[in-house]
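Descriptive structure summary
Here's the letter readout for the chains.
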Amino acid sequence: MMKNYKKHFLRFAEQRQALKFGEFTLKSGRISPYFFNAGTFHTGEALARLGRHYADAIVESGIEFDMLFGPAYKGIPLVSSVAVALAEHHGLDYPWAFNRKEVKDHGEGGWLVGAPLNGRALIIDDVITAGTAIREVAALFAQTDASIAGVFVALDRQEQGQGAATDDGKAKSAIQEVQDSLGVPVRSIVSMEDIIGWLDQQPDREAERAAMDAYRVRYGVSES
């Protein structure tokens with residue numbers, strides 16, 4: 001049975017038009033029956049609610065970490081909202097930080113803003129498309145004594161990444177590729193499977209469900 005926080009998040013995402021159904025051409029060239037854009041959570045109330053959904057999913061995941069980190073730029077408001085939500089709604093007060101895209105050569109200098117990097121950091125981002133941003137963060141962490149505890153995103157599309165298939169002919173998703181290359185768990189608030197299950201509970205949305213099923217058959221990956 002789907003967790004309540006997942007249902008609430010999907011309803012909220014559609015209300016904010018972060019989650020849309022229709023026909024969308026992705027950067028990969030694939031024609032997707034749905035699209036997710038975290039940029040529509042652009043009010044104070046929406047960002048606060050988004051932070052609470054992340055926080056609920058993070059606590060549910062059981063991943064152990066010592067601090068939070070948000071990759072510039074989208075990860076900056078996300079990590080700050082998650083830190084506030086964990087403190088206010090779960091009694092968990094974690095330090096947080098983010099990186100600068102351009103290293104500052106005056107004042108305090110450096111590429112890091114916020115808490116010093118110590119221990120195990122949980123990376124907060126919106127989605128993983130190719131994994132480029134996460135690998136850039138991993139390269140930054142390699143310069144420190146801190147480590148990456150895991151990565152948390154809003155949506156796992158559960159579809160084939162751009163990498164080559166494995167020896168057994170199975171394609172991997174971008175998230176699976178990041179997990180394998182970094183050796184850390186990557187978790188999400190919801191996945192494509194959750195979206196399909198959510199649509200399945202709404203009898204007036206058979207067409208959208210059928211389009212999602214067809215897309216999963218063509219581009220989906222096995223989680224095993």
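Calculation notes
- Residues numbered from 1 in each chain as written.
- Predicted model: local features only at pLDDT ≥ 70, side-chain atom pairs only at ≥ 80, totals over all residues.
- Heavy atoms only, no water.
- UniProt positions renumbered as here; feature names shortened; annotations may be inferred.
- Salt bridge = Lys/Arg side-chain N within 4 Å of Asp/Glu carboxyl O.
- Helix = DSSP H or I, 4+ residues; strand = E, 2+ residues; numbered from the N terminus.
- Buried < 20%, exposed > 50% of the residue type's maximum accessible area, 1.4 Å probe, protein only.
- Core = buried A, V, L, I, M, F, W, Y, C linked by side-chain atoms within 4.5 Å.
- Contact = heavy atoms within 4.5 Å.
- Expected span 1.5 Å × (residues − 1).

For the protein, the name recorded in an unreviewed UniProt entry is Orotate phosphoribosyltransferase, with Alcanivorax dieselolei as its organism. On record in UniProt, under Function (unreviewed entry), the comment for the protein is "Catalyzes the transfer of a ribosyl phosphate group from 5-phosphoribose 1-diphosphate to orotate, leading to the formation of orotidine monophosphate (OMP)."

**Let's talk about the pattern of salt bridges**
For the coordinates displayed, the defined rule picks out 14 salt bridges. A salt bridge links Asp66 to Arg120; the nearest nitrogen and oxygen atoms lie 3.0 Å apart. Residue Asp66 is found in the loop between α2 (44-61) and β3 (67-70), and its partner Arg120 is found in strand β6 (residues 120-124); the two are separated by 54 residues along the sequence. Taking the relative accessible area as the measure of exposure, Asp66 reaches 32% and is therefore partly exposed. The salt bridge partner of Asp180 is Lys172, with a shortest N-O separation of 2.3 Å. Residue class for Lys172 comes out partly exposed when judged on its relative accessible area of 29%. In the salt-bridge network here, residues are joined through shared partners; they are Asp200, Arg209, Asp213 and Arg216.

**Points about the nonpolar core**
Ranked by size, the top nonpolar core spans 45 residues in total, and within it Phe9, Phe36, Phe41, Tyr54 and Ile124 carry the most contacts. Residues contacting Ile124, with those up to four places away along its chain left out, are Tyr54, Ile58, Leu68, Phe69, Gly70, Pro71, Gly75, Leu78, Val79, Val82 and Phe152.

**Let's talk about α2**
End to end, α2 covers 26 Å across 18 residues, agreeing with the expected 26 Å (1.5 Å per residue, within 8%). Burial in α2 covers these residues: Ala46, Leu50, Gly51, His53, Tyr54, Ala55, Ala57 and Ile58. Looking at the buried positions of α2, the neighbouring elements they touch are α1 (4-15), α3 (75-90), β6, β7 (147-156) and β8 (186-191). Of the residues one or two after α2, Gly62 is the one with positive phi, at around 80°.

**Examining the environment of His89**
Looking at where His89 falls in the secondary structure, it is placed in helix α3. Separated by 10 residues in the primary sequence, His89 and Val79 place their C-alpha atoms 15 Å from one another.

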